[in-house]
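Residue strings, one per chain:
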Amino acid sequence: MIKGLTTIRYAASAKEYELLASLLDRLGFEPGEEWKNPRARGRYFLAPVGKLELVEGKEKFPADIWIEVNDLDSVSVLLKKQKIKFISEVEETGWGSRVLVIEPARAMRLAFWQKDRTEQDVVEGDLHASGMRFGIVVARWNSFITERLLQGALDGLRRSGCREQDITVVRVPGSFEIPSQARTLAETGNFDAIITLGCLIRGETTHYEHIATEVTRGIGQSAQETGVPHTYGVLTCENLEQALDRAGLKAGNKGFEAAVSAIEMVSLKRKIASNQQGKTR
Ligand code: RBF
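Reading the values: the criteria
- Residues numbered from 1 in each chain as written.
- Predicted model: local features only at pLDDT ≥ 70, side-chain atom pairs only at ≥ 80, totals over all residues.
- Heavy atoms only, no water.
- Disulfide = S-S within 2.5 Å.
- Buried < 20%, exposed > 50% of the residue type's maximum accessible area, 1.4 Å probe, protein only.
- Pairing = 2+ DSSP bridges.
- Helix = DSSP H or I, 4+ residues; strand = E, 2+ residues; numbered from the N terminus.
- Axes fitted to C-alpha atoms, helices over the stretch in contact; angles between N-to-C directions.
- Contact = heavy atoms within 4.5 Å.
- Parallel < 35°, antiparallel > 145°, perpendicular 65-115°, else oblique.
- Left-handed = near helix turned anticlockwise from the far one by under 90°.
- Nonpolar A, V, L, I, M, F, W, Y, C, P; charged D, E, K, R; others polar.
- Salt bridge = Lys/Arg side-chain N within 4 Å of Asp/Glu carboxyl O.
- Phe/Tyr/Trp six-rings, centres within 6.5 Å; stacked < 30°, edge-to-face > 60°.
- Lys NZ or Arg CZ within 6 Å of the ring centre and 35° of its normal.
- Core = buried A, V, L, I, M, F, W, Y, C linked by side-chain atoms within 4.5 Å.

Now for the state of the cysteines. Per the stated rule, a full pass over the model turns up zero disulfides. Cysteine Cys 199 shares no disulfide, and the gap to the nearest cysteine sulfur, in Cys 237, comes to 5.1 Å. Take Cys 199: its relative accessible area is 2%, and that puts it in the buried class.

Pasting the structure below:
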């Protein structure tokens, strides 16, 4: 039901608006478009994660916007260069983090914080697809369903910033042909990940179990042997109704999910590779 969260700050003047916008830009927020009407204007800035947090009791660092960063010391240097008013310098919070608080405009307090690194630091992929190249293999069998999966996958890629020219769609006759084509694409070295889309319906497929097993195994094997992430958007359903549900009706769209998983896997692979480099330097 919930789609997003927007919190608004009103700038007291055009000068303050420009100052805050350039500050948020410099800090590395993803910039959104500016809107304008005769009475007002606005710009939005996006962060990868948003949360709405309730607090009870007294908070030591009063600020109503908390911005989590991964290099608090650089943020502190940047803010000092901009001559922003500090309410508190970098301090330990007592809950495994450090925080600093600024007041870039009257009655606007921003806290920047960074979690202390722990041994069990988690590495996770994120969902920015710009600069990533994807191959999509889609089966024509049950195209009524698989075309919807394809639309879901394309939607997932585009909405995450992937450019049209970085997406290659290849159609194969049926799900049985997906693994070999996925491998062919992976071996070209032109793709960061392969997204596989198909639909097997038990009622219509003799030896359904065998085909499903073979397709799944083949896709997994191609992923492991080529080292290119593959994601699985092959529906295995009892009947057409169930397939329809999973291709965009009640139960989401498995093509969309496969695309988002592909982005995450590429991002994760890149992070692990750059972490390794860091360790050997
Ligand atoms: N391909 C699919 O992607 N989904 C199916 O549900 C499906 N059912 C099939 C049922 C039969 C009886 C046959 C012969 C093929 C079916 N295929 C299906 C196609 C299969 O994946 C492959 O493309 C063809 O068998 C050609 O190798």
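Structure's up, so let's keep going.
Read from one edge of the open sheet, four strands run β8-β7-β9-β10, paired in parallel fashion. Strands with a single pairing partner mark the edges of an open sheet, and in this sheet they are β8 (167-172) and β10 (230-237). Geometrically, the sheet is characterised by an average inter-axis angle of 15° between neighbouring strands, direction not taken into account. Note that strand β9 (residues 193-201) and β10 share eight bridges and pair parallel. From the neighbouring strand, Gly 198 faces β10, where its bridge partner is Val 234. The strands touched by helix α4 (residues 178-188) within the sheet are β7 (134-139), β8, β9 and β10, with β9 carrying the most contacts at an inclination of about 170°.

Glancing now at the packing of α4 against helix α5 (residues 208-226). At a minimum axis separation of 8 Å, α4 and α5 run at an interaxial angle of 15°. Classed by the angle they form, the pair α4 and α5 counts as roughly parallel. The element α4 and its partner α5 pack so that their crossing is right-handed. Of the residues in α5, those in contact with Ile 178, Pro 179, Ala 182, Arg 183, Ala 186 and Glu 187 of α4 are Glu 214, Val 215, Gly 218, Ile 219, Gln 221, Ser 222, Glu 225 and Thr 226. Taken together, the residues that form the contact of α4 with α5 break down as six nonpolar, four polar and four charged.

Turning our attention to the sheet that holds strand β6 (residues 108-115). Pairing is mixed across the open sheet formed by four strands, whose spatial order is β3-β6-β5-β4. Edge positions in the sheet fall to β3 (65-68) and β4 (86-92), since each of these pairs with one other strand and no more. Averaged over neighbouring strand pairs, the angle between their axes works out to 20° when direction is ignored. Where strand β5 (residues 97-105) and β6 come together, seven bridges link them in antiparallel fashion. By the bridge assignment, Val 99 is partnered in β6 with Trp 113. Packing of helix α1 (residues 14-27) onto the sheet brings it into contact with β5 and β6, and relative to β5 it is tilted by some 155°.

Another aspect to go through is the pattern of salt bridges. Side chains carrying opposite charge are able to pair once their charged atoms draw close together. This model, assessed by the stated rule, comprises 23 salt bridges. Between Lys 115 and Glu 68 there is a salt bridge, with its nearest N and O atoms 3.8 Å apart. In this pair, Lys 115 is assigned in strand β6 and Glu 68 in strand β3, connecting sequence segments 47 residues apart. Taking the shortest distance from any N to any O, the salt bridge between Glu 214 and Arg 217 comes out at 2.5 Å. Of the two residues, Glu 214 and Arg 217 are both situated in helix α5; the distance of three residues between them amounts to about one turn of the helix. In this structure Arg 217 comes out as partly exposed when scored by relative accessible area, which is 44%. Beyond isolated ion pairs, a larger network of salt bridges with shared partners links Glu 18, Glu 34, Lys 36 and Arg 41.

What follows is about the packing of aromatic side chains. If you walk through the whole model with that rule in mind, you get three aromatic pairs. When the centroid spacing of 6.5 Å and the interplanar angle of 75° are considered together, the rings of Phe 29 and Phe 45 count as edge-to-face. Placement of Phe 29 in the loop between α1 and β1 (30-37) and of Phe 45 in strand β2 (residues 40-46) is noted, with a sequence separation of 16 residues between them. Judged by centre distance (6.2 Å) and plane angle (45°), the rings of Trp 66 and Trp 95 are tilted. Of this pair, Trp 66 sits in strand β3 while Trp 95 sits in the loop between β4 and β5, and the two are 29 residues apart along the sequence. Take Trp 66: its relative accessible area is 30%, and that puts it in the partly exposed class. Of note, Lys 80 hangs over the ring of Phe 86, and the distance from its end group to the ring centre comes to 4.8 Å.

Further remarks concern the nonpolar core. Grouped together as the largest cluster of nonpolar side chains are 28 residues, with contacts concentrated most on Phe 134, Ile 136, Ile 145, Leu 157, Ile 195, Leu 197 and Leu 235. Broken down by secondary-structure element, the contributors of at least two residues to this core are β7, α3 (143-159), β9, β10, α6 (240-246) and α7 (254-280). A total of six residues in this core trace back to one element, the largest contributor, which is α3. Setting aside its immediate chain neighbours within four residues, Phe 134 contacts Ala 129, Leu 157, Cys 162, Asp 166, Ile 167, Thr 168, Phe 191, Ala 193, Ile 195, Ala 262, Ile 263 and Val 266. With 20 residues, the next largest nonpolar core counts Ala 21, Leu 24, Val 75 and Leu 100 among its residues.

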